[in-house]
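Examining the three-dimensional arrangement
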Amino acid sequence: MPMTPPDYAWHFTPGSAFAHRDGETGTLAPVLIGEVTLPTGRVVACDPFVCLGEGEAEPFTVAVEPGRYRAEAAVATLARAGSAPDPHPHTRIAAARLVIRDAPSVGWEMAVVAGQDPSALGEGEFFGYGVDAGTGCFHDAAAHESFPGAEDDDGPLWSALDAVVEGPQVFLARGEDGHTLAGFTSGWGDGCYPTWIGRDSGGRVTCFVTDFLVVPTERVPAA
């Protein structure tokens, strides 16, 4: 059967702790990125430095009401068990989410684009988006051409990223025609990462969450 998602509310709960089997430990904390405008309600998650303007990223089949929605990242601070506190801790973005409704998520489904069928997946498999520039994002499908210059180390994407001088690598880019994009570094870097849709007890969409696979699938309790 396909990959089974955890309850991602845990990732965005301050102080949530985990451990890898090699002894590395992690503590999670949410960080606000900003508001993403969704004029069409069709959500896209992709590597913006690779996909924007190239016609390669499709919106998810599940759409939401047009509006402005909060984006945030779950930042993992990593350390070796028993090591002294580091004045410059090692951090990674463990997950990022676009909050559609502030309500508990009681169920999760894989976010897919047209033509993808989760029932066709094998054990532990998932559909996700590819990352080749170490970065992921959320944006509206209508914003596809609103961030020129990404391929030339120029434009609003690079300006927003360059403005991050320390701390978690998250940024809100402002493009043409009022579009915004929430960007973030992608966990361990390049790869393929799944996005999940949370739903509340009434079946309404609560959030879109991209898991960067920093937290073990089977969490080892932190000592």
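Residues numbered from 1 in each chain as written. Predicted model: local features only at pLDDT ≥ 70, side-chain atom pairs only at ≥ 80, totals over all residues. Heavy atoms only, no water.

1. Side note on the pattern of salt bridges
Counted under the stated rule, the structure contains six salt bridges. Note that R70 and E72 form a salt bridge whose closest N and O atoms lie 3.2 Å from each other. Across the salt bridge formed by E72 and R97, the nearest N and O atoms sit 2.6 Å from each other. Taken together, the residues span a long stretch of sequence, with E72 in strand β4 (residues 67–80) and R97 in strand β5 (residues 90–99) at a distance of 25 residues. For E72, a relative accessible area of 9% translates into the label buried. On the accessibility criterion, R97 (17% relative accessible area) is buried. The network of salt bridges with shared partners includes R70, E72, R97 and D102. (Salt bridge = Lys/Arg side-chain N within 4 Å of Asp/Glu carboxyl O. Helix = DSSP H or I, 4+ residues; strand = E, 2+ residues; numbered from the N terminus. Buried < 20%, exposed > 50% of the residue type's maximum accessible area, 1.4 Å probe, protein only.)

2. Structural notes on the layout of surface pockets
Roughly 250 Å³ of internal volume is contained in the largest pocket. Every residue lining the largest pocket is counted, 19 residues in all, and those nearest its centre are A45, E58, V113, G128 and Y129. Counting only elements with at least two residues in the lining of the largest pocket, the list comes to β3 (43–46), β7 (128–131) and β11 (191–199). Residue classes in the lining of the largest pocket are distributed as twelve nonpolar, four polar and three charged. (1 Å grid on protein atoms, 1.4 Å probe; cavity = no way out; pocket = protein on both sides within 12 Å on 5 of 7 lines; lining within 4 Å. Points joined across faces, edges and corners; volume = space filled by probe spheres on them. Nonpolar A, V, L, I, M, F, W, Y, C, P; charged D, E, K, R; others polar.)

3. Some details on the pairing of strand β2 (residues 24–38)
As defined by bridge partners, strand β1 (residues 17–19) adjoins β2 across three bridges and the pair is classed as antiparallel. Its bridge partner being in β2, F18 is matched across the sheet by G26. Here β1 folds back onto β2, and the loop between the two strands holds four residues, one of which, G23, carries a positive phi near 100 degrees. Sheet topology places β2 next to β4; 14 bridges connect them, and they run antiparallel. Along β4, the bridge assignment pairs L38 with G67. (Pairing = 2+ DSSP bridges.)

4. Some remarks on the packing of aromatic side chains
Here the structure, examined in full by the defined rule, presents six aromatic pairs. With 5.9 Å between their ring centres and 15 degrees between their planes, F60 and F208 make a pair best called stacked. Taken together, the residues span a long stretch of sequence, with F60 in the loop between α1 (48–51) and β4 and F208 in strand β12 (residues 205–211) at a distance of 148 residues. Ring centres of Y193 and F212 lie 5.0 Å apart, and the angle between their planes is 75 degrees; this geometry places the pair in the edge-to-face category. Of this pair, Y193 sits in strand β11 while F212 sits in the segment after β12; the two residues are 19 residues apart in sequence, bridging distant segments of the chain. F212 matches Y193 in its accessibility class, with the two residues each being buried. In this arrangement the basic side chain of R97 is found over the ring face of F12, its NZ or CZ atom lying 4.1 Å from the centre. (Phe/Tyr/Trp six-rings, centres within 6.5 Å; stacked < 30°, edge-to-face > 60°. Lys NZ or Arg CZ within 6 Å of the ring centre and 35° of its normal.)

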